[in-house]
Structure formats: C-alpha cells, structure tokens
Amino acid sequence: TATVSGGGSNGIVSSAPCSTCPVGPTTSTVQSNPVDMTISIAQPASLTVGQATNVSVTVSNLSSGNSTAPVTATLSFSNGVTAPASFNGGNGWSCTTTSNQVTCTNPTAINGNQSSVITVPVTPSTSNAGQSLLFLANVASMVGESNLSNNSSFLFTNAIVQSTDLIISLGP
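Residues numbered from 1 in each chain as written. Predicted model: local features only at pLDDT ≥ 70, side-chain atom pairs only at ≥ 80, totals over all residues. Heavy atoms only, no water.

## Digging into the overall build of the protein
Part 1 of the reasoning: Each helix and strand in the protein was counted, giving zero helices and eleven strands.
Part 2 of the reasoning: In the protein, the succession of helices and strands from N to C terminus is β-β-β-β-β-β-β-β-β-β-β.
Part 3 of the reasoning: Within the protein, the proportion of its 172 residues that are buried is 34%.
Part 4 of the reasoning: By sequence separation, contacts in the protein at least 24 residues apart represent 71% of the contacts at least 6 residues apart.
Part 5 of the reasoning: Here the protein displays about 9800 Å² of accessible surface, and carbon together with sulfur accounts for 53% of that area. (Helix = DSSP H or I, 4+ residues; strand = E, 2+ residues; numbered from the N terminus. Buried < 20%, exposed > 50% of the residue type's maximum accessible area, 1.4 Å probe, protein only. Contact = heavy atoms within 4.5 Å. Areas by Shrake-Rupley, 256 points an atom, 1.4 Å probe, with all protein chains shown as cover.)

Below, the structure is given as structure tokens:
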C-alpha cells in the first residue's frame, strides 16, 4: 500500500484548472498488491438420486496481495437438488442453504497465491434422474480487485444423475 499526499490548494485563490480543489492537503491510498479472486467447481465423480455427493468449490487468490476478510462465496444448483440447511464446508467455511443456493463465509482472508476448498454435500432428487446438473459459483469481489471477470464459474456435470433400483423378494 502506498500513500500519496498533496494536491490541495493552500491559497485563497484557486489556480486553473483546479477551481474545485479542496483547500489544504489531500491523501489518497493506492493498493500496490491488488487481489484477484477466482472460483472453480470440480466435476463430481457420480450422482445418484437420494444420495449426498460432495461437490468441491475452490476459491483462489491469484495475485500477491491478501484478500480482506470475511470471504463470501455462493453455489447455486439445479431445481430438485438439495443441500443441508447449514453445514461446515471445511477449511473454516460456514455454509447455509436457502432454496437452491448455498452461501459460505470464511472469517479468514485468503493470502496471495493461495486457495481454499469448500466441500458442499448435494443430493439430487428423482426429478433430476437422467439429467446433467448445472452449478453456478460466485466469489464476492474485493476492494481494489484487479480482475472481476473470473469471480464466477459454471459447471454442467459430466455425470448423469442415476436412479437406484430397489428389488424386494419375499419367501423361498
């Protein structure tokens, strides 16, 4: 972080072109190591109706500057998919689910060139059988962030949601 001072007018008559400059010194802070937050979603190996599958969401800081805290990330998913109302996403992440969106917060900053993984247990319903699922992830932007275009990510699963077969036999 660098601090630059000066630029105000100390006189009674403002000089052109700064007729609106404030009287007295001014200070600006410039962040020399901006952050670049990004997010990605890993492909789940398999998806089965009624069975929880962990989806890994990685929040990364690609620059040398440290993020501010807390860090917030969201994961939205297809209708019919559920996640627990609240859960520990691992690595300091606390998560809550509203409708088909999980919001996770980590009270710790993510240092430069570091990542943190959130584990989100999702359960597809019978309405998802035979389909690929859509996941959308977002990490909240930081003050002075250098690149906002990589704060979101989406994933269509390669795995198709499988149904389970139940066979009951009675007698000999």
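The discussion continues.
## Details of the state of the cysteines
Part 1 of the reasoning: If you walk through the whole model with that rule in mind, you get one disulfide.
Part 2 of the reasoning: In this model cysteine 95 forms its disulfide with cysteine 104; the gap between the sulfur atoms is 2.2 Å. An S-S torsion of about 110 degrees defines the bridge between cysteine 95 and cysteine 104 as right-handed. Here cysteine 95 and cysteine 104 have matching classes, each one buried. (Disulfide = S-S within 2.5 Å.)

## As for the confidence of the model for the protein
Part 1 of the reasoning: Per-residue confidence for the protein gives a mean pLDDT of 87; residues scoring 70 or more make up 80%.
Part 2 of the reasoning: In the model, residues 1–6 has pLDDT below 50 throughout and makes 15 contacts with residues more than four positions away in sequence or in other chains. (pLDDT = per-residue confidence, 0-100.)

## Points about the nonpolar core
Part 1 of the reasoning: One finds Val59, Trp93, Ile118 and Phe135 to be the most contacted residues of the largest nonpolar core, which totals 32 residues.
Part 2 of the reasoning: For this core, the secondary structure elements donating two or more residues are strand S3 (37–41), strand S4 (53–61), strand S5 (71–77), strand S7 (93–98), strand S8 (101–106), strand S9 (114–122) and strand S10 (134–139).
Part 3 of the reasoning: A per-element tally of this core places S5 first, with four residues.
Part 4 of the reasoning: Filtering out sequence-adjacent residues up to four positions away, valine 59 remains in contact with Met37, Thr38, Ile39, Val71, Ala73, Trp93, Ile110, Gln114, Ser115, Ser116, Ile118 and Val139. (Core = buried A, V, L, I, M, F, W, Y, C linked by side-chain atoms within 4.5 Å.)

## Some details on the side chain of asparagine 106
Part 1 of the reasoning: With respect to the helices, strands and loops of the structure, asparagine 106 is situated in strand S8.
Part 2 of the reasoning: Take asparagine 106: its relative accessible area is 4%, and that puts it in the buried class.
Part 3 of the reasoning: Dropping the residues within four chain positions of it, asparagine 106 is found in contact with Pro70, Val71, Asn91, Gly92, Trp93 and Ser116.

## Re the environment of serine 132
Part 1 of the reasoning: With respect to the helices and strands, the residue serine 132 is situated in the loop between S9 and S10.
Part 2 of the reasoning: What makes serine 132 partly exposed here is its relative accessible area of 29%.
Part 3 of the reasoning: Between the C-alpha atoms of serine 132 and isoleucine 160, which are 28 residues apart in sequence, the distance is 4.8 Å.
Part 4 of the reasoning: Once residues within four sequence positions are removed from consideration, serine 132 is found in contact with Phe156, Thr157, Ala159 and Ile160.
Part 5 of the reasoning: In this structure the side chain of serine 132 is engaged in a polar contact, spanning 2.5 Å, whose partner is the backbone oxygen of threonine 157. (Polar contact = N/O pair within 3.5 Å; in protein donor to acceptor, adjacent residues only side chain to side chain.)

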